[in-house]
Amino acid sequence: QVQLVESGGGLVQPGGSLRLSCAVSGSIFRVDAMAWYRQAPGKERERELVAAITRGGSRNYLDSVKGRFTISRDNAKNTVWMQMNSLKPEDTAVYYCYVDIARLNGLKEQYWGQGTQVTVSS
């Protein structure tokens, strides 16, 4: 069994910062890609990729967050973080952690976190 535990969401004023974290545990051989997606209010069918990072550290970002958000990971701790600076109201969404893992039995599987609410408002 694999568990993802997210934390770090909350209410922040425009221009503020938050740091999201996602810790992966369970019967894992290796965590490969890790990423953050978000789902904005009124867009329940659209979950967009915000940032992703490979096991080797290659990163990619949604254009609208480049220069403001930074994704990082610790392979030894199976944890991924996303530092979000200069937050804007349009960043308001539920943020989901996503991981691509290799299980001990050799199978590749994908898991989602439970989601954490980020609200940017004055």
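Structure shown above.
First, a word on scope: everything that follows refers to the structure included in this document. Keep in mind it's a predicted model, so treat the numbers as computed, not measured.

Conventions used here
- Residues numbered from 1 in each chain as written.
- Predicted model: local features only at pLDDT ≥ 70, side-chain atom pairs only at ≥ 80, totals over all residues.
- Heavy atoms only, no water.
- Buried < 20%, exposed > 50% of the residue type's maximum accessible area, 1.4 Å probe, protein only.
- Helix = DSSP H or I, 4+ residues; strand = E, 2+ residues; numbered from the N terminus.
- Pairing = 2+ DSSP bridges.
- Salt bridge = Lys/Arg side-chain N within 4 Å of Asp/Glu carboxyl O.
- Core = buried A, V, L, I, M, F, W, Y, C linked by side-chain atoms within 4.5 Å.
- Axes fitted to C-alpha atoms, helices over the stretch in contact; angles between N-to-C directions.

### Topic: the pairing of strand β4 (residues 28–39)
With 9 of 12 residues buried, β4 is to be regarded as a mostly interior element. As judged from the 9 bridges shared by β4 and strand β9 (residues 93–103), these two strands associate in the antiparallel manner. Note that in β9 the partner of Y37 across the bridge is Y96. Pairing analysis gives 5 bridges linking β4 to strand β5 (residues 48–53), with the strands arranged antiparallel. When the bridges of β5 are listed, R38 appears paired with E48.

### Structural notes on the pattern of salt bridges
Under the criterion given, the structure shown has 8 salt bridges. The residue D32 makes a salt bridge to K108 at a minimum N-O spacing of 2.3 Å. In this pair, D32 is assigned in strand β4 and K108 in strand β10 (residues 108–112), connecting sequence segments 76 residues apart. When its relative accessible area of 14% is taken as the criterion, D32 is described as buried. D91 is the partner of R68 in a salt bridge, and the nearest nitrogen-oxygen pair spans 2.8 Å. Placement of the pair is R68 in the loop between β6 (59–61) and β7 (69–74) and D91 in the loop between β8 (79–84) and β9, with a sequence separation of 23 residues. Just as R68 is buried, D91 falls in that class too. When salt bridges with common partners are traced through the structure, they connect R30, D32, D100 and K108 into a single cluster.

### Some remarks on the nonpolar core
Ranked by internal contacts, the top residues of the largest apolar core, which has 28 residues, are W36, M82, M84 and Y95. Of all the secondary-structure elements, those providing two or more residues to this core are β1 (2–7), β3 (18–26), β4, β5, β7, β8, β9 and β11 (116–120). For this core, the element with the most residues is β9, which contributes 5 residues.

### Brief notes about the sheet that holds β1
The 4 strands are arranged β1-β3-β8-β7 in an open sheet whose pairing can be described as antiparallel. Each end of this open sheet is capped by a strand with a single partner; those strands are β1 and β7. Ignoring strand direction, the axes of neighbouring strands in this sheet form an average angle of 15 degrees.

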